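Single-letter residue listing:
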Amino acid sequence: MINVQNLTKRYGDLTAIEDVTFNVQKGEILGFLGPNGAGKTTTMRILTCFLPATSGTASVAGYDIFEQPQDVKKHIGYLPESPPLYTELTVTEYLRFISRIKGIERKDRTEALTRVLERCALTDVRHRLIGNLSRGYRQRVGLAQALIHNPEVLILDEPTTGLDPKQIIEMRQVIKELAGQHTVILSTHILPEATAVCQRVVIIHKGRIVAVDTPDTLSAQLRQSEKIRLTLRTPSPETAEALKTVPGVVSIFQEPSTDGQVFMVECELGRDIRTELAAQAVRRGWGLLELTAVKLSLEDVFLQLTQEESKQEEPKEDALNGEPG
Amino acid sequence: MKSTLAIMGKELRVLFNSPMAYVVTAIFILISGYLFYSIVLFASSQSMQILRVQGALPQINLNDLIFRPTFHNMAVILMLTLPLITMRLLAEEKKIKTIELLMTSPVPLLAIVMGKYLAAMAVFTLMLGLTAYMPLLMWYYGSIQWMPILTGYLGIWLLGGVFIAVGLLASSLTENQIIASFISFGAVLILWLIGWISQGVADTSLGSFLTYLSIGEHTENFIRGMIDTEDLVYLATLIIVGIFITHRVLESQRWK
Ligand SMILES: Nc1ncnc2c1ncn2[C@@H]1O[C@H](COP(=O)(O)OP(=O)(O)OP(=O)(O)O)[C@@H](O)[C@H]1O
Ligand SMILES: [Mg+2]
């Protein structure tokens, strides 16, 4: 449904994306995961024919984005990073305008409007000025705008930013329901969001794709590098030494905390040693208070993925300095 | 065409849902009305004087006495107020990023530009229409020739059309409405002042060229009651060029 090949975009000297290649199947939800400045928005703007690419090709719904931009635009619903809203219009006025420029036939407009108001839970606020709506409602109006013409392809740029936790869950639910009938690309810099909503995740960093995976394998890959946080009330002086003898442990860091001692245990890739650590702690009477697998932050993931890559390429790369976009 | 109308309709809604269109219309009506009133007062006091001196009322020409200065005043007021209508047209879309919505919708770029232009023209036509009380009053209380009034209105309408095309272009150049309004005011002022400069070098070929470029020169005939094809061509060309360059500017901004 979406076919992207070797897309590159340069702004002057700055390369925003380089050699980006991926595919999205019909009905699939693809997550586009990357830190600030990774090039997510740039890629999406190229796919929606807002920006021309420097080189490379792409097709959406069977149409080439350079040769047939009008056809591409007809088949895409796009929610940009900041929802494109006219604050002086009411929700209904705005969506009616959208239905006209998206080319919905006059006789179908009212039905399309009613349907999308319901789907995005906007029916109650439909006569209010957009300028007077809260952030969450505005985001929903933005989504309604992308959905109103029932497009085959949806491109959503960070659809959950600025929402409260409850609204995030609702928004994710709405997006999940789109799978099947619609093909969705969704960008985010929140790892759990990508794994919760998407069937496949593309990880992009500094303009390059560093991994394409299903959330399952992605999480498996991440579990490999788990750190374990172990809090003990009464450790003995030789605890650190003893922990090191547990099979699979790579290194130990100690840090004091208010109620005892914290040990950060880094373990070998692909080994889950939590049960063994717990058994040890109990057997030796260290006063086990806490044992948790430390989730890797997105930065850690990028660090890991880019380091794996850069083993073959440049030896040293600072994965953390993605600039805010 | 459909999408042009859609854009135009939206633009009008936005304009009339916010105070700007009303404020600008009010300013235009009040100032032009006040100046009209003083012109009428002046004209009547003058004719009273003629009546006293000559003992008989001459056949005074209300068209020359009242409407020529009134149209001139309108031109100047429009030069100052139309930029306030046009400044937001594209600058605001860029500022609040809705341009991204328009450019990713299946709407030709020209429809966006034309929709904006026509919306501003509609507001302006309404403003101008509201001044119809002036000739109607004169017609009711005196006698006027309608033809020069109509050509005068046509001239002012086309002149406003040029101001709006220039303002639209200015609005495409920046995200800042204030800057857009200054650019369009400056550009229109230059078109206007060329006429004055040309008077200094009147007898040279440069002078006649500058006179040709001057926008005031090309509305004068309309106000005097004449429709000259050369003037029509001049004003229409400025409008088309303004719209065309706006289109180019928007297109080239994608490539930045
Ligand atoms: N118009 C522009 N001119 C110059 N550089 C730009 C422009 N737009 C984006 N960039 C640069 O391109 C890079 C990629 O930006 P992009 O907005 O695509 O990142 P992003 O992944 O969407 O980030 P974020 O998570 O912050 O939204 C950044 O380094 C950014 O500074
Ligand atoms: Mg972005």
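Look above for the structure.
Residues numbered from 1 in each chain as written. Chains lettered and ligands numbered in written order. Predicted model: local features only at pLDDT ≥ 70, side-chain atom pairs only at ≥ 80, totals over all residues. Heavy atoms only, no water.

## A few points about the overall build of chain A
Point 1. Secondary structure assignment for chain A yields eleven helices and 14 strands.
Point 2. By the burial criterion, 50% of the 325 residues in chain A qualify as buried.
Point 3. Across chain A, the fraction of contacts at a sequence separation of at least 24, relative to all contacts at a separation of at least 6, is 68%.
Point 4. Surface summary for chain A: the accessible area is close to 15,000 Å², and the carbon and sulfur share equals 48%. (Helix = DSSP H or I, 4+ residues; strand = E, 2+ residues; numbered from the N terminus. Buried < 20%, exposed > 50% of the residue type's maximum accessible area, 1.4 Å probe, protein only. Contact = heavy atoms within 4.5 Å. Areas by Shrake-Rupley, 256 points an atom, 1.4 Å probe, with all protein chains shown as cover.)

## Points about the coordination of the magnesium ion (ligand 2)
All names here are of chain A.
Point 1. Ligation of the magnesium ion (ligand 2) by protein atoms is provided by Thr41 (OG1) and Glu81 (OE), these donors lying 1.8 to 2.1 Å from the ion. Linking threonine 41 in helix H1 (residues 40-47) with glutamate 81 in the loop between strand E6 (76-79) and helix H3 (91-101), this pair joins segments that are 40 residues apart in sequence.
Point 2. For threonine 41, a relative accessible area of 13% corresponds to the buried category. (Donors = N, O, S within 2.8 Å, 3.2 Å for Na, K, Ca; no water.)

## Quick word on helix H4 (residues 106-119) of chain A
All names here are of chain A.
Point 1. If you check H4, its first and last C-alpha atoms are 21 Å apart, about what 14 residues at 1.5 Å a residue would give, namely 20 Å.
Point 2. Along H4, the residues that are buried comprise Arg109, Ala112, Leu113, Val116 and Leu117.
Point 3. Of the surrounding secondary structure, the elements contacted by the buried residues of H4 are H3 and helix H5 (135-147).
Point 4. Looking one or two residues past H4, alanine 121 carries a phi angle of roughly 55°, positive in sign. (Expected span 1.5 Å × (residues − 1).)

## Here we look at the environment of Val76(B)
Point 1. Of note, Val76(B) is situated in helix H3 (residues 62-86).
Point 2. Separated by 113 residues in the primary sequence, Val76(B) and Leu189(B) place their C-alpha atoms 9.6 Å from one another.

## Topic: the nonpolar core
Point 1. In terms of nonpolar packing, the biggest core is built from 141 residues, with Phe22(A) and Tyr94(A) touching the most fellow members.
Point 2. With residues near it in sequence (within four places) discarded, Tyr94(A) still touches Pro84(A), Leu85(A), Tyr86(A), Leu89(A), Ile130(A), Val141(A), Gln145(A) and Leu101(B). (Core = buried A, V, L, I, M, F, W, Y, C linked by side-chain atoms within 4.5 Å.)

## Re the interface of chain B and chain A
Point 1. With 27 residues of chain B in contact, the opposing surface of chain A contributes 26 residues.
Point 2. Summing both partners gives a buried area of about 2,500 Å² for chain B against chain A, and 60% of it is carried by carbon and sulfur.
Point 3. We note a salt bridge from Arg88(B) to Glu88(A), for which the minimum N-O separation is 3.1 Å.
Point 4. Between chain B and chain A we count twelve residue pairs in polar contact (both at pLDDT 80 or more) in total.
Point 5. Ranked by residue count, the leading element in the side of chain B that touches chain A is helix H1 (residues 2-17) of chain B, at eight residues. (Buried area = accessible area lost by both parts, 1.4 Å probe. Salt bridge = Lys/Arg side-chain N within 4 Å of Asp/Glu carboxyl O. Polar contact = N/O pair within 3.5 Å; in protein donor to acceptor, adjacent residues only side chain to side chain.)

## Here's the deal with the site of ligand 1
All names here are of chain A.
Point 1. Residues in contact with ligand 1 amount to 15 residues; listed here are only the nearest, Gly37, Lys40, Thr41, Thr42 and Glu81.
Point 2. Asparagine 36 is positioned with one of its side-chain polar atoms (N or O) 2.8 Å from an oxygen atom of ligand 1.
Point 3. Residue glycine 39 places a main-chain N or O atom 2.9 Å away from an oxygen atom belonging to ligand 1.
Point 4. Surface burial for ligand 1 is 75%, taken as the share of its 630 Å² of free accessible area covered by protein chains.
Point 5. When contributions to the shell around ligand 1 are tallied by element, the ones reaching two or more residues are strand E2 (14-24) and H1.
Point 6. Ranked by residue count, the leading element in the shell around ligand 1 is H1, at three residues. (Near = heavy atom within 4 Å.)

## Describing the packing of H3(B) against helix H7 (residues 133-141) of chain B
Residues and elements named next belong to chain B.
Point 1. For the pair H3 and H7, interaxial distance at closest approach is 12 Å and the crossing angle is 170°. Judged by the angle between their axes, H3 and H7 are roughly antiparallel. Residues Leu62, Ile66, Phe67, Thr70 and Met74 of H3 form the contact with H7, whose participating residues are Met134, Pro135 and Met138.
Point 2. Residues belonging to the contact of H3 with H7 are distributed by class as follows: seven nonpolar, one polar and no charged. (Axes fitted to C-alpha atoms, helices over the stretch in contact; angles between N-to-C directions. Parallel < 35°, antiparallel > 145°, perpendicular 65-115°, else oblique. Nonpolar A, V, L, I, M, F, W, Y, C, P; charged D, E, K, R; others polar.)

## A word on the pairing of strand E10 (residues 208-213) of chain A
Residue and element names in this part refer to chain A.
Point 1. In terms of strand pairing, strand E9 (residues 200-205) meets E10 through five bridges, oriented antiparallel. Within E10, the position partnered with histidine 205 by the bridge is arginine 208.
Point 2. In textbook terms, the turn of a hairpin is the stretch between consecutive antiparallel strands, and for E9 and E10 this stretch comprises two residues, one of which, lysine 206, has a positive phi near 50°. (Pairing = 2+ DSSP bridges.)

## Focus: the packing of aromatic side chains
All names here are of chain B.
Point 1. One pass over the structure, following the stated rule, counts ten aromatic pairs over all chains.
Point 2. Relative to tyrosine 141, the ring of tyrosine 140 has its centre 5.1 Å away and its plane inclined at 90°; by these criteria the two rings are edge-to-face.
Point 3. Grouping aromatic residues by their ring pairs yields a cluster made of Phe36, Phe67, Phe71, Tyr133 and Tyr153. (Phe/Tyr/Trp six-rings, centres within 6.5 Å; stacked < 30°, edge-to-face > 60°.)

## Describing the side chain of Arg88(B)
Point 1. Along the chain, the position of Arg88(B) falls in helix H4 (residues 88-95).
Point 2. Not counting residues up to four positions away in its chain, the partners in contact with Arg88(B) are Glu88(A), Glu11(B), Val14(B), Leu15(B), Glu93(B), Ser171(B) and Gln177(B).

## Some words on the side chain of Arg109(A)
All names here are of chain A.
Point 1. The residue arginine 109 is located in helix H4 in this model.
Point 2. Here arginine 109 occupies a buried position and makes no salt bridge, while the nearest side chain of opposite charge, glutamate 105, is found at 6.7 Å.
Point 3. Engagement of the side chain of arginine 109 in a polar contact is seen with the backbone oxygen of isoleucine 104, the distance being 3.1 Å. (Lys, Arg positive; Asp, Glu negative; His and termini not counted.)

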